[in-house]
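So the chains spell out like this:
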Amino acid sequence: MKRRKFDAAAAPQKVGGALDDRFKLATPTRNVMNKVFPDHWSFLLGEIALFSFIILLLTGTFVAIFFEPSMAHVAYDGVYTPLRGVEMSKAYESTLNLSFEVRGGLIMRQMHHWSALLFVAAIIVHMCRVFFTGAFRKPRELNWVIGVLLFWIAFIEGFIGYSLPDDALSGTGLRIAEGMIQSVPLIGSWASAAVFGGPFPGDQIITRFYIAHVFILPLIMLALIAIHVGLVFAQKHTQWPGPGRTEHNVVGYRMFPNYAAKQGGFFMLVFAVTALMSGIFQINPVWLLGPYEAAVVSSGTQPDFYVMFMEGLIRVFPAWEFRTDFFVLPGIFWPGVAAMGVFMLLPMAYPWLERWMKKDRAHHNLLDRPRDVPVRTGLGAMAATFWVIGVVSGANDVFAERFDISLNAMTWAGRIGIIVLPVAAYFIAHRICLGLQQHDREVLAHGIETGIMMRDPDGRFYELHQPLAEPDEHGHTDLEYNGWVVPKRMNRVGALEARPKGFFKSLEEDDDSDSSRQIGSGKK
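As the structure is a computational prediction, the values presented were derived from the model and not from experiment.

Q: Would you mind showing me how to read the overall build of the protein here?
A: When helices and strands are counted, the protein shows 17 helices and 8 strands. Viewed in the frame of its principal axes, the protein has a C-alpha envelope of about 90 × 90 × 50 Å. Counting only contacts in the protein whose residues sit at least 6 apart along the sequence, the fraction spanning at least 24 positions is 73%. Just so you have it, the protein exposes about 30,300 Å², and 64% of that area is on carbon and sulfur atoms.

Q: Help me out: how do you make sense of the UniProt feature "transmembrane region" (unreviewed entry) in the protein in this one?
A: Per the UniProt annotation, the sites labelled "transmembrane region" (unreviewed entry) are residues 43-67, 114-132, 144-164, 210-234, 264-283, 332-353, 373-392 and 412-429. The annotated region residues 144-164 carries 95% helix and 0% strand content, and the separation between its end C-alpha atoms amounts to 31 Å. Within residues 264-283, the helical portion is 85% and the strand portion 0%, while the C-alpha atoms at the span's ends are 28 Å from each other.

Q: Any chance you could explain the pairing of strand β8 (residues 461-466) here in plain terms?
A: For a regular strand, the rule is simple: side chains alternate between the two faces of the sheet. Sheet topology places strand β7 (residues 448-455) next to β8; 5 bridges connect them, and they run antiparallel. When the bridges of β8 are listed, Glu449 appears paired with His465. Where β7 folds back on β8, the antiparallel hairpin that results is connected by 5 residues, among which Gly459 adopts a positive phi of roughly 90 degrees.

Q: Would you mind showing me how to read the packing of aromatic side chains here?
A: To describe a pair of aromatic rings, you give the distance between the ring centres and the angle between the ring planes. Scanning the model with the defined rule gives 32 aromatic pairs in all. A ring pair is formed by Phe267 and Phe271, whose centres lie 6.2 Å apart and whose planes are at 50 degrees; its orientation type is tilted. Here Phe267 and its partner Phe271 are both found in helix α10 (residues 255-280), 4 residues apart, which amounts to about one turn of the helix. Relative to Phe427, the ring of Tyr426 lies with its centre 5.4 Å away and its plane at 85 degrees, an arrangement referred to as edge-to-face. In this structure Tyr426 comes out as buried when scored by relative accessible area, which is 17%. On the accessibility criterion, Phe427 (52% relative accessible area) is exposed. Three or more aromatic residues joined by ring pairs make a cluster, and in this case those are Phe151, Trp152, Phe155, Phe305, Tyr306 and Trp387.

Q: Whenever I open this one, the UniProt feature "domain: Cytochrome b/b6 N-terminal region profile" (unreviewed entry) in the protein confuses me. Can you help?
A: With numbering matched to this structure, UniProt assigns "domain: Cytochrome b/b6 N-terminal region profile" (unreviewed entry) to residues 15-241. Here residues 15-241 is 69% helix and 4% strand, with 41 Å between the C-alpha atoms at its ends.

Q: Quick question: what am I supposed to make of the side chain of Glu93 here?
A: Checked against the element boundaries, Glu93 lands in helix α4 (residues 90-100). Lacking a salt bridge, the buried Glu93 has Lys90 as its closest oppositely charged neighbour, with an N-O distance of 6.6 Å.

Q: In this structure, what is going on with the packing of helix α6 (residues 141-163) against helix α9 (residues 205-234)? I would like to understand it.
A: If you want to describe how two helices pack, look at the angle between their axes and the distance between the axes. Where α6 contacts α9, the axes come no closer than 9 Å and their chain directions differ by 160 degrees. In terms of orientation, α6 lies roughly antiparallel with respect to α9. With respect to the hand of their crossing, α6 and α9 are arranged in left-handed fashion. Looking at the contact of α6 with α9 residue by residue, the class counts come to 20 nonpolar, 6 polar and 1 charged.

Q: Could you clarify how one ought to interpret the pattern of salt bridges in this entry?
A: A side chain of one charge can pair with a side chain of the opposite charge if their charged atoms are brought near each other. The tally for this structure, following the rule as stated, stands at 14 salt bridges. A salt bridge links Arg175 to Glu178, with the shortest nitrogen-to-oxygen separation between them at 3.3 Å. Within this pair, Arg175 and its partner Glu178 are both found in helix α7 (residues 168-182), separated by 3 residues, close to a single helical turn. Residue Arg175 is classed as partly exposed on the basis of its relative accessible area of 41%. For Glu178, a relative accessible area of 9% translates into the label buried. Three or more residues are tied together by salt bridges with common partners; here these are Arg137, Glu354, Asp368 and Arg376.

Q: What is the right way to look at unusual backbone geometry in this model?
A: The general pattern is negative phi for most residues beyond glycine and trans for most peptide bonds. Going from Lys138 to Pro139, the amide bond is cis rather than trans, its omega being 15 degrees. Tracing the backbone through its elements, the reader meets Pro139 in the loop between α5 (105-133) and α6. That bond from Phe200 to Pro201 is cis: its omega, -5 degrees, falls within 30 degrees of zero. Counting through the fold element by element, Pro201 comes out in the loop between α8 (188-196) and α9.

Q: Explain the state of the cysteines to me, please; I cannot follow it from the model alone.
A: Here is the idea: a disulfide is a covalent bond, and it sits between the sulfur atoms of two cysteines. Going through the model one piece at a time under the given rule, you end up with 0 disulfides. The closest cysteine sulfur to the non-disulfide-bonded Cys128 is located on Cys433, 14 Å from its own sulfur.

Criteria and thresholds
Residues numbered from 1 in each chain as written. Predicted model: local features only at pLDDT ≥ 70, side-chain atom pairs only at ≥ 80, totals over all residues. Heavy atoms only, no water. Helix = DSSP H or I, 4+ residues; strand = E, 2+ residues; numbered from the N terminus. Contact = heavy atoms within 4.5 Å. Areas by Shrake-Rupley, 256 points an atom, 1.4 Å probe, with all protein chains shown as cover. UniProt positions renumbered as here; feature names shortened; annotations may be inferred. Pairing = 2+ DSSP bridges. Phe/Tyr/Trp six-rings, centres within 6.5 Å; stacked < 30°, edge-to-face > 60°. Buried < 20%, exposed > 50% of the residue type's maximum accessible area, 1.4 Å probe, protein only. Lys, Arg positive; Asp, Glu negative; His and termini not counted. Salt bridge = Lys/Arg side-chain N within 4 Å of Asp/Glu carboxyl O. Axes fitted to C-alpha atoms, helices over the stretch in contact; angles between N-to-C directions. Parallel < 35°, antiparallel > 145°, perpendicular 65-115°, else oblique. Left-handed = near helix turned anticlockwise from the far one by under 90°. Nonpolar A, V, L, I, M, F, W, Y, C, P; charged D, E, K, R; others polar. Disulfide = S-S within 2.5 Å.

In structure tokens form, the structure reads like this:
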């Protein structure tokens, strides 16, 4: 009997046909593969967050194998000599062993920490892009709310993660968290006892945090990310305005093969950068800090950058205490509980607040340029300034020590700055937006500045402008500003040939005579 030859070229088609016969995959797979994504660098910020989350899951699985979430006390007897014989928890001991005695353990722990920072940072920058461009508008309000929830869950997940080693830094953070929980009226003491399993620090907190960190919160985040990405597929992807782009189409690349290939390469790039940072830059050396002791707190113990904002608010807020017959509100309640609640709810409600203020109920698939929405851009600059001052105030003891400044002066600078500077940032950003709009309109009316000065017979100097349309007798054009990018350079409108790019310098020398000839028809 003659053996049938294997046809490698026809194998994918046969396998695909066999799968479709059984599972009817052709129609949904075709829709996914034909999904079109716009091509712009700013859309990659969300992908960085997604890829960082995947790295977190991979490295977290490795770290979890060797970490022992126990508050039981032991005497350290490992290879790190300075801590030999020191009493510590098993959680801290297993972290030391993971760092010094497990092959590849230190770099995997550092990759886990760096990818966690990258994950939160990418979420923040991605949300800024969505906010400043209006990508949260109808019909994407729910996806914006999911994004805000993802940030706060990542915030809590990160805080719990660096609390697990039970070192001096994480214990200080837990002490602050305990104070915040106890400041809640009526239920504070009960809630603190429930979380810590008794008086602080208790012997249950690390075990409970471990379950939340490796099981509960990651599952919630996976579910939210799946819904988030699913809504991106179900709704049209937003895109920047431009020629051929409308509210009813998407101009870009199909999912397969272009976009899938680019995303695969981009994931490898994010992974490589994270691994490189973990190999070069040390982060959270817990062996230098020692085990946590409730009676020992020192200056210079700062949390990760996304928690430092809250730390700064707590530091600069006055110690105001509000007393009633039934409960007492200590000073930490306002920045630690009330303010965090406002910062969580206000961004979620913003899409509906803006729609109510602007009476705008239309669908929006085209993005706004930030300059075209000065009020929203000003509010974003205001919030960003507020956040930066909070972060700086969270390290005011370090600034005071390094620059020989009074800590009281730093505290009062934070109090005054957090009130004054955000308002100033709003007006500055608002005026910059209006100025950029005016500049765009001037280019549309008068053309592009060429940098070539001319002199008329009367001795008057003027600059040649290249018009963007047929000018009238006064040299002006009647082009309407529609939110697209206005060309500001000659090459953007094809007046000059594109110069081939070299490594450090163009391969061709400038040819001023040719340039002069090509723009000689411009009007002033």
